[in-house]
Amino acid sequence: MLTLPPLDEILATAHVVALPMKVKFRGVELRELMVFSGPAGWAEFSPFLEYSDVESARWLASALEAGWVGYPESVRDWVPVNATLPAVSPAEVPGVLAAFNMGSAGAAQSVKIKVAEAGQSLGEDAARVGAVRHLLPEAKIRIDANGGWDVGQAVKALRMLSVFGLEYAEQPVATIAEMAAVRSALDGSVLIAADESVRKATDPLAVARAGAADLLVVKAAPLGGVRRALEIVAEAGLPAVVSSALDSSVGISAGLALAAALPELPYACGLGTVSLMAADIASPSLVAEAGGMNVREVVADPGLLAQFAAPADRRDWWLGRLGRVYAVLAGAEA
Ligand SMILES: O=C(O)CCC(=O)C1=CC=C[C@@H](O)[C@@H]1C(=O)O
Ligand SMILES: [Mg+2]
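Note that this is a predicted model, so its numbers are computed, not measured. Every chain is numbered independently, its residues counted from 1 as its sequence is written. A letter from A marks each chain and a number from 1 marks each ligand, given out in the order of writing. Reporting in this predicted model follows two pLDDT cut-offs: at least 70 for local features of residues, and 80 or more for side-chain atom pairs to be given and counted; totals over whole chains, interfaces and linings ignore these cut-offs and use all residues.

## Here we look at the overall build of the protein
Helix and strand definitions follow DSSP, with helices as H or I runs of at least four residues and strands as E runs of at least two, each counted in order from the N terminus. From N to C terminus, the protein includes 14 helices and 12 strands. Radius of gyration here uses only the C-alpha atoms, and the compact-globule reference equals 2.2 Å multiplied by the residue count raised to the power 0.38. At 19 Å, the protein has a C-alpha radius of gyration in line with the 20 Å of a compact globule built from 334 residues. Taken over the C-alpha atoms alone, the protein extends approximately 55 × 40 × 40 Å along its principal axes. Burial statistics for the protein: of 334 residues in total, 50% are counted as buried. The contact criterion used is a C-beta to C-beta distance within 7 Å, with each C-beta placed from the backbone. Of the contacts made within the protein by residues no fewer than 6 positions apart, 71% connect residues no fewer than 24 positions apart. Burial is judged by counting the other C-beta atoms within 10 Å of a residue's own C-beta: 20 or more makes it buried, 12 or fewer makes it exposed, and any count in between marks it as partly exposed, with every C-beta position built from the backbone.

Rendered as structure tokens:
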């Protein structure tokens, strides 16, 4: 395990930025995040604002791996990447998907579609999924409900949406017991992927042990880093999909390192979300082209860090958060 660098050493290179989104995603219109650099490279610390200090400690562990340890060996130099579609109206679908540069090769790849958004109906979900199927007849379509349905709603919705052909359904319901119930009711007709049941659980392996999912979604930052995510996949013994957390290109590079190091990579990775942002802190940005990304390092650009610097009160908030979360991590290491 990593020996924590002194807090002052982290603070010395810390920047807080606020990056505007092109399209609202999980309620976020302005993505605030912190980056810093250590001897091994640039690192991102970007738990969502509402996350507790305890939950955020894993995100800090991931950032410190990136900055002070570096990533494990890659076994591939290119990874397939899915497009990610927020819960937009059917009319907005072509415009949002155009940003993902799927190209003619990528057009046969995967699109992840958000469903079960608060305040929206199953009819709206079906219209959005139908619009993607119409636009991209060959693409794989996966949906993500972020636990927004109960068991009955999920079974009904997945039976209905499966007419469009689903690669899998991500976190249709909130709990492991509900995931198991949905999976058993659908009897293999739709594969079930666990996301929140892995990254927000006290035991990330419990969902696999319960036989409640067909595959796991793994994200480097919420799981405590690339090495920890690799261990979880190895221990779970289930196929894994690599995804991310609405990061800048620096944070996405941790997901890219995870995708590059996994022994098997059977699914396109959810690493394309910089395409949903109107700004970034690296140039060129880590975005997909023709359905994938070359594995590479990312370095933050001083001009962009200055251009998108967060206001002083928000910078102070993030510095305070870093200090508190560092103390949580130091306590856990002791
Ligand atoms: O997996 C993808 O295609 C992109 C990442 C993504 O969907 C998410 C990123 C950040 C927060 C989450 O609400 C969301 C997810 O639930 O998987
Ligand atoms: Mg998800």
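## Thoughts on the domain arrangement of the protein
Here the limits of each domain have been adopted from an automatic or database domain assignment. As far as domains go, the protein holds domain 1 (7–69 + 302–333) and domain 2 (78–294). Between the C-alpha centres of domain 1 and domain 2 there is a distance of 24 Å. The interface of domain 1 with domain 2 comprises 25 residues on the first partner and 26 residues on the second. Those elements giving two or more residues to the side of domain 1 that touches domain 2 turn out to be strand E1 (15–25), strand E2 (28–38), strand E3 (41–45), helix H2 (53–68) and helix H13 (302–307). Per-element accounting of the side of domain 1 that touches domain 2 gives the leading share, 8 residues, to E1. Each residue is assigned to one class: nonpolar for Ala, Val, Leu, Ile, Met, Phe, Trp, Tyr, Cys and Pro, charged for Asp, Glu, Lys and Arg, and polar for all the others, Gly among them. Residues of the side of domain 1 that touches domain 2, tallied by class, amount to 17 nonpolar, 2 polar and 6 charged.

## Details of the environment of leucine 262
Topologically, leucine 262 is positioned in the loop between helix H12 (249–261) and strand E12 (292–294). C-beta crowding within 10 Å serves as the criterion here: with 23 such atoms nearby, leucine 262 is assigned to the buried category. For leucine 262 and glutamate 231, which are 31 residues apart along the polypeptide, the C-alpha to C-alpha distance reads 9.9 Å. Here leucine 262 is in contact with Leu230, Val233, Ala240 and Val242, once residues within four sequence places are set aside.

## Quick word on the site of ligand 1
Taken together, 13 residues surround ligand 1, and among them Arg26, Thr84, Lys112, Ser243 and Gly270 come closest. Residues of the shell around ligand 1, tallied by class, amount to 2 nonpolar, 7 polar and 4 charged. Whether a residue is near a molecule or strand depends on its C-beta atom, generated from backbone atoms, being within 6 Å of that molecule or strand.

## Describing the sheet that holds strand E10 (residues 215–219)
Ordered by their spatial adjacency, 7 strands build an open sheet running E5-E6-E7-E8-E9-E10-E11, and the pairing between neighbours is parallel. Each end of this open sheet is capped by a strand with a single partner; those strands are strand E5 (83–85) and strand E11 (240–243). In this sheet, adjacent strand axes meet at a mean angle of 25° when their direction is disregarded. As paired strands, E5 and strand E6 (residues 110–114) are joined by 3 bridges and run parallel to one another. Paired with leucine 85 across the strands is isoleucine 113, a residue of E6. The axes used here are C-alpha line fits, helices contributing only the stretch in contact, and every angle between their N-to-C directions lies in the interval 0 to 180 degrees. Running at roughly 170° to E10, helix H11 (residues 226–236) makes contact with E10 and E11 of the sheet. Whether two strands pair comes down to DSSP finding at least two bridges between them.

## Looking at the sheet that holds E3
Read from one edge to the other, the open sheet built from 3 strands follows the order E1-E2-E3, with strand pairing classed as antiparallel. Whereas interior strands pair on both sides, the edge strands pair on one side only; in this sheet they are E1 and E3. For this sheet, the mean angle separating the axes of adjacent strands, direction not counted, is 35°. Relative to E3, E2 is paired through 5 bridges, and the arrangement is antiparallel. Pairing of glycine 38 across the sheet is with glycine 41, part of E3. Its contacts with the sheet place H2 against E2 and E3, and it is angled at close to 170° to E3.

## Side note on the nonpolar core
As used here, a nonpolar core is made of buried Ala, Val, Leu, Ile, Met, Phe, Trp, Tyr and Cys residues. They are joined through C-beta atoms within 7 Å. The biggest cluster of nonpolar side chains holds 111 residues, and the ones touching the most others in it are Leu60, Ala193, Ala213, Leu216, Val218 and Leu258. The biggest single contributor to this core is H12, with 9 residues. Non-local contacts of valine 218, meaning those with residues more than four positions away in its chain, are made with Val198, Leu223, Ala229, Ile232, Val233, Ala240, Val242 and Leu258.

## Focus on helix H14 (residues 312–333)
A helix is expected to span 1.5 Å for every residue after the first. Between its first and last C-alpha, H14 extends 31 Å over 22 residues, near the 32 Å set by a 1.5 Å rise per residue. Burial in H14 covers these residues: Trp318, Leu322, Val325, Tyr326 and Leu329. Looking straight down H14, one finds that the buried residues subtend no more than 115° of arc, so they occupy a single side. Structural note: H14 exposes Ala312, Asp313, Asp316, Gly320 and Gly331 on the side pointing more than 90 degrees away from its buried face. Buried positions along H14 lie against helix H1 (7–11), E1, E2, E3 and H2. In this description, one arc is meant: the one made by directions from the helix axis to the C-beta atoms.

## Concerning the packing of H2 against H14
Taken N-terminus to C-terminus, the directions of H2 and H14 make an angle of 80°; their axes are 8 Å apart at the nearest point. In terms of their interaxial angle, H2 and H14 are classed as roughly perpendicular. Residues Asp53, Val54, Ser56, Ala57, Leu60 and Ala61 of H2 form the contact with H14, whose own contacting residues are Arg324, Val325, Tyr326, Val328, Leu329 and Ala332. Taken together, the residues of the contact of H2 with H14 break down into 9 nonpolar, 1 polar and 2 charged. Small angles under 35 degrees read as roughly parallel and large ones over 145 as roughly antiparallel, with 65 to 115 read as roughly perpendicular and the rest as oblique.

## Some thoughts on the environment of arginine 227
Looking at the element boundaries, arginine 227 is found in helix H11. Spatially, the C-alpha atoms of arginine 227 and proline 5 are 18 Å apart, while their sequence positions differ by 222 residues.

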